[in-house]
Amino acid sequence: MRRLWLIFSQAVTILLAALLIVQTLKPEWLVPHSATPPTAEVPAATTSANGAARANSFSEAVNLAAPAVVNIFTTKAVRTARHPFAEDPLFRRFFGELFEGEPRRTASLGSGVIVSDRGFVVTNNHVVEAADEIEVALADGKKLRAKIVGTDPDTDLAVLRVEGVNLPAISFGQSDALKVGDVVLAIGNPFGVGQTVTMGIVSALGRSNLDINTFENFIQTDAAINPGNSGGALIDNSGLLIGINTAIYSRSGGSMGIGFAIPVSTARNVIDQLIAHGSVTRGWIGIEAQEVTREVADSFKLPSTRGALIANVVRGGPAERGGVQAGDVLLAVDGKPIADRQAMLSVVASLMPEKSVPLKIWRDRKEIEAPVVIGK
């Protein structure tokens with residue numbers, strides 16, 4: 001019996017040693033051929049022409065959105081000065097015409113997105129600002145003349161109109177449902193090389209205080225955005241529009257992994273107003289606000305630094321008529337909490353004029369409510 005036990009023990013030892021050697025040198029021998037290694041969540045596999053499935057592909061999303069992304073070419077006339085004193089105000093006052101150089105035309109490029117089959121195209125205001133001529137090149141190579149319908153410098157958005165039928169309009173997504181880490185694709189015309197798609201993730205949401213626009217609520221992404229991408233589409237992995245690419249943080253002029261896009265929730269409201277009226281109407285309550293610092297919060301006995309300190313109230317404005325005073329701290333507007341001064345601007349601007357809304361303010365170490373009729 002003892003001899004049998006020794007034989008069994010030796011056999012088990014040899015098998016375990018062999019298993020250890022195989023696991024170390026040839027681990028793939030131990031994986032069944034039918035097993036699939038775990039992967040991160042990706043869109044459904046697409047099928048190539050020969051019927052083979054291609055995993056990790058976003059081609060369906062690109063095929064859905066790319067036809068609606070256009071290239072925008074603008075030209076404008078500028079004059080160059082011939083004399084070194086040409087920019088001196090005193091000399092220009094008396095000899096301005098003599099110092100004017102020959103007019104020349106400069107060209108620039110950007111991107112845009114067709115948002116309606118009636119020919120409406122959204123882009124950045126800085127792409128078409130001061131342009132004399134605007135030409136839109138469709139994804140299929142067709143070129144069309146465009147006219148400006150309306151611009152909104154405060155959000156850096158503009159709407160153009162091209163003459164065309166059955167244009168491929170993009171479908172809108174829900175930017176409010178985005179989460180940090182979601183996969184996004186940027187489509188545009190960087191450096192004029194032609195339509196290009198780059199991929200990344202949502203790096204942050206609600207970016208503000210960047211001094212890019214008056215109203216800021218940017219989606220931050222590491223999808224490569226370069227000069228020429230401005231006005232192009234930021235889409236999700238289903239091909240739905242979730243943002244308009246606007247700006248990059250860069251020291252060299254190229255992508256450094258920090259790009260910013262205007263959320264479609266903001267863009268859609270501006271687009272609708274520009275198409276309907278050619279301009280944007282925003283709410284106004286007539287206050288000048290500052291950030292709530294830790295020192296301000298301590299002196300006002302506030303529980304946190306959230307809110308906006310009202311430094312000045314416009315005489316006769318909506319806020320003054322509602323009883324708001326300088327020195328109050330604005331905590332909420334129409335039930336929406338105010339995080340800081342930039343958030344206050346965005347919330348108030350989104351309200352419709354003539355609407356009566358409650359303001360929650362902090363005064364004398366307690367919360368009070370002031371009803372205000374929104375102005376324009």
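Only a predicted model underlies this, so the values are computations on that prediction, with no experimental measurement involved.

Draft legend 1. View of the pattern of salt bridges. All chains considered together, the criterion is met by seven salt bridges. Two residues, R363 and D328, come together in a salt bridge whose shortest N-O distance is 2.7 Å. Here the residue R363 occupies a position in strand β19 (residues 356–363), and D328 occupies one in the loop between α7 (318–321) and β17 (329–333), the gap between them amounting to 35 residues. By relative accessible area, which is 2% here, D328 ends up buried. A network of salt bridges, in which partner residues are shared, links D152, D154 and R282.

Draft legend 2. Representation of a nonpolar patch on the surface in the model. A cluster of nonpolar side chains, contributed by W5, L6, F8, V12, L16 and L19, occupies part of the molecular surface with about 610 Å² of accessible area. Of note, L19 is situated in helix α1 (residues 2–25). L19 gets classed as partly exposed once you look at its relative accessible area, which sits at 43%.

Draft legend 3. Spatial organisation of the sheet that holds strand β9 (residues 183–188). In space, the six strands of this closed barrel follow the order β9-β10-β11-β14-β13-β12, with antiparallel pairing throughout. Shown here is a sheet whose adjacent strand axes are inclined to one another by a mean of 45 degrees, direction ignored. Direction of pairing for strand β12 (residues 233–236) relative to strand β13 (residues 241–248): antiparallel, over a ladder of three bridges. Paired with I235 across the strands is L241, a residue of β13. The sheet strands contacting helix α5 (residues 264–277) are β13 and β14 (259–263), and the helix crosses β14 at an angle near 50 degrees.

Draft legend 4. Structural view of the nonpolar core. I72, V113, V136, L160 and I170 are the most contacted members of the largest nonpolar core, which has 44 residues in total. Other than its neighbours up to four places away in sequence, I72 contacts S108, L109, G110, S111, G112, T123, V127, V128, I134, E135, V136 and L160. Counting 21 residues, the second-largest nonpolar core is a separate cluster that includes V313, V324, M344 and V372.

Draft legend 5. Structural context of unusual backbone geometry. Phi is positive for F191, which is not a glycine, with a value near 60 degrees. Within the secondary structure layout, F191 lies in the loop between β9 and β10 (196–207). Despite not being glycine, D364 shows a phi value in the positive range, around 55 degrees. Given the relative accessible area of 64%, D364 is considered exposed.

Draft legend 6. Region of the structure containing the packing of aromatic side chains. With the rule as written, the count across this model stands at one aromatic pair. Residues F218 and F260 carry aromatic rings whose centres are separated by 5.8 Å and whose planes lie at 50 degrees to one another, so their mutual orientation is tilted. Here the residue F218 occupies a position in strand β11 (residues 218–221), and F260 occupies one in strand β14, the gap between them amounting to 42 residues. Residue F218 is classed as buried on the basis of its relative accessible area, which comes to 1%. In this arrangement the basic side chain of K143 is found over the ring face of F73, its NZ or CZ atom lying 6.0 Å from the centre. Across from the ring centre of F172, 4.4 Å away, lies the NZ or CZ of R268, which sits over that ring.

Draft legend 7. How the structure looks around the layout of surface pockets. What the largest pocket holds in volume is close to 610 Å³. Contributions of two or more residues to the lining of the largest pocket are made by β14, α5 and α8 (341–349). Residues that form the lining of the largest pocket fall into these classes: 10 nonpolar, 11 polar and five charged. Roughly 210 Å³ of volume is contained in the second largest pocket. Along its surface, the second largest pocket is lined by 14 residues, and W284, I287, M344, L345 and V348 are the ones closest to its centre. For the lining of the second largest pocket, the leading source of residues is α8, giving five residues. Considered class by class, the residues forming the lining of the second largest pocket number nine nonpolar, two polar and three charged.

Parameters at a glance
Residues numbered from 1 in each chain as written. Predicted model: local features only at pLDDT ≥ 70, side-chain atom pairs only at ≥ 80, totals over all residues. Heavy atoms only, no water. Salt bridge = Lys/Arg side-chain N within 4 Å of Asp/Glu carboxyl O. Helix = DSSP H or I, 4+ residues; strand = E, 2+ residues; numbered from the N terminus. Buried < 20%, exposed > 50% of the residue type's maximum accessible area, 1.4 Å probe, protein only. Patch = residues over 30% accessible without salt bridge, like charges linked within 9 Å, V, L, I, M, F, W, Y side chains within 5 Å. Areas by Shrake-Rupley, 256 points an atom, 1.4 Å probe, with all protein chains shown as cover. Pairing = 2+ DSSP bridges. Axes fitted to C-alpha atoms, helices over the stretch in contact; angles between N-to-C directions. Contact = heavy atoms within 4.5 Å. Core = buried A, V, L, I, M, F, W, Y, C linked by side-chain atoms within 4.5 Å. Phe/Tyr/Trp six-rings, centres within 6.5 Å; stacked < 30°, edge-to-face > 60°. Lys NZ or Arg CZ within 6 Å of the ring centre and 35° of its normal. 1 Å grid on protein atoms, 1.4 Å probe; cavity = no way out; pocket = protein on both sides within 12 Å on 5 of 7 lines; lining within 4 Å. Points joined across faces, edges and corners; volume = space filled by probe spheres on them. Nonpolar A, V, L, I, M, F, W, Y, C, P; charged D, E, K, R; others polar.

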